[in-house]
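Structure assessment
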Amino acid sequence: MARRPIVLAAALLGAVAVGGCGASADGRLDVQANDPSPVCRVHQKEAPGDRYAAGAKADTGAVLRMLRYYTANGTKAFCDGKPPTGTDRRWTDLYTALGGRIDAAKR
């Protein structure tokens, strides 16, 4: 069981290091902070920024908040009933590159 955190940490560092290509410096994840237990998700307005995908310069706290948000809410439908946008998919792709799992039907 002790190997899992090491493997996850290695995957996190590797994916964050390569995930920066084309990322916005300011891109922030909307985690719906006003609703700690949202029943649906909002579409993301910005692609993942450097704080999530800039290798050694990534903000570990921001990356962990993103992982926590998608672990809890990644399979929920979007509030407007529409499918994910390209920006939404970039966030989901980052989450899965870091080892997260989301039902493919909800992506």
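See the structure above.
Description of the structure in this document. From a predicted model like this one, the values you see are computed outputs, not experimental measurements. (Residues numbered from 1 in each chain as written. Predicted model: local features only at pLDDT ≥ 70, side-chain atom pairs only at ≥ 80, totals over all residues. Heavy atoms only, no water.)

Notes on the overall build of the protein chain
Rule in force here: Only DSSP runs of H or I reaching four residues or more are called helices, and only runs of E reaching two or more are called strands; each is numbered from the N terminus. Residue burial is assigned from relative accessible area. The probe radius is 1.4 Å, only protein chains are included, and a residue is buried under 20% of its type maximum, exposed over 50%, and partly exposed in between. Working rule for contacts: check all heavy atoms of both residues, and any pair within 4.5 Å makes them a contact. All accessibility values rest on the Shrake-Rupley procedure with a 1.4 Å probe; residue burial counts only the protein chains present in the view.
Of the regular secondary structure elements, the protein chain holds 4 helices and 0 strands. For the protein chain, with 107 residues in total, the buried portion stands at 35%. Within the protein chain, counting contacts between residues at least 6 apart in sequence, those at least 24 apart form 71% of the total. Accessible area of the protein chain: about 6,600 Å², with a carbon and sulfur share of 57%.

Here's the deal with the nonpolar core
Cut-off, in case you're wondering: Buried Ala, Val, Leu, Ile, Met, Phe, Trp, Tyr and Cys residues that are joined via side-chain atoms within 4.5 Å together make up what is termed a nonpolar core.
In terms of nonpolar packing, the biggest core is built from 14 residues, with Leu 29, Tyr 52, Met 66, Tyr 70 and Trp 91 touching the most fellow members. If you tally residues by element for this core, the top one is helix H3 (residues 60-73), at 6 residues. Those residues in contact with Tyr 70 that lie beyond four places of it in its chain are Leu 29, Arg 41, Gln 44, Asp 88, Trp 91, Thr 92, Tyr 95 and Ile 102.

Comments concerning the layout of surface pockets
Under the convention used in this document: Put plainly, a pocket is an open set of points on a 1 Å grid over the protein atoms alone with protein on both sides within 12 Å along at least five of seven lines, a cavity is a set where a 1.4 Å probe fits but cannot get out, and a lining residue has an atom within 4 Å of a point. Grid points are joined across faces, edges and corners, and a volume is the space filled by probe spheres set on the points. Residue type decides the class: Asp, Glu, Lys and Arg count as charged, Ala, Val, Leu, Ile, Met, Phe, Trp, Tyr, Cys and Pro as nonpolar, and the leftover types, Gly among them, as polar.
Quantified by volume, the second largest pocket comes out at close to 170 Å³. Around the second largest pocket, the lining residues are Val 31, Ala 33, Asp 35, Pro 36, Pro 38, Arg 65, Arg 68, Tyr 69, Ala 72 and Asn 73. Its residues assigned to classes, the lining of the second largest pocket shows 6 nonpolar, 1 polar and 3 charged.

Section: the state of the cysteines
Rules: Criterion for a disulfide: a pair of cysteine sulfur atoms at a distance within 2.5 Å.
What the rule picks out here adds up to 1 disulfide. Covalent S-S linkage joins Cys 40 and Cys 79, the inter-sulfur distance amounting to 2.0 Å. Looking along the S-S bond of the Cys 40-Cys 79 disulfide, the torsion reads about 95°, which is the right-handed sense. Placement of Cys 40 in the loop between helix H1 (3-18) and helix H2 (50-53) and of Cys 79 in the loop between H3 and helix H4 (86-97) is noted, with a sequence separation of 39 residues between them. With a relative accessible area of 43%, Cys 79 lands in the partly exposed category.

Observations concerning the environment of Asp 88
Looking at where Asp 88 falls in the secondary structure, it is placed in helix H4. Classification of Asp 88 as buried rests on a relative accessible area of 2%. For Asp 88, the residues in contact, after removing those within four places along its chain, are Val 42, His 43, Gln 44, Tyr 70 and Phe 78.

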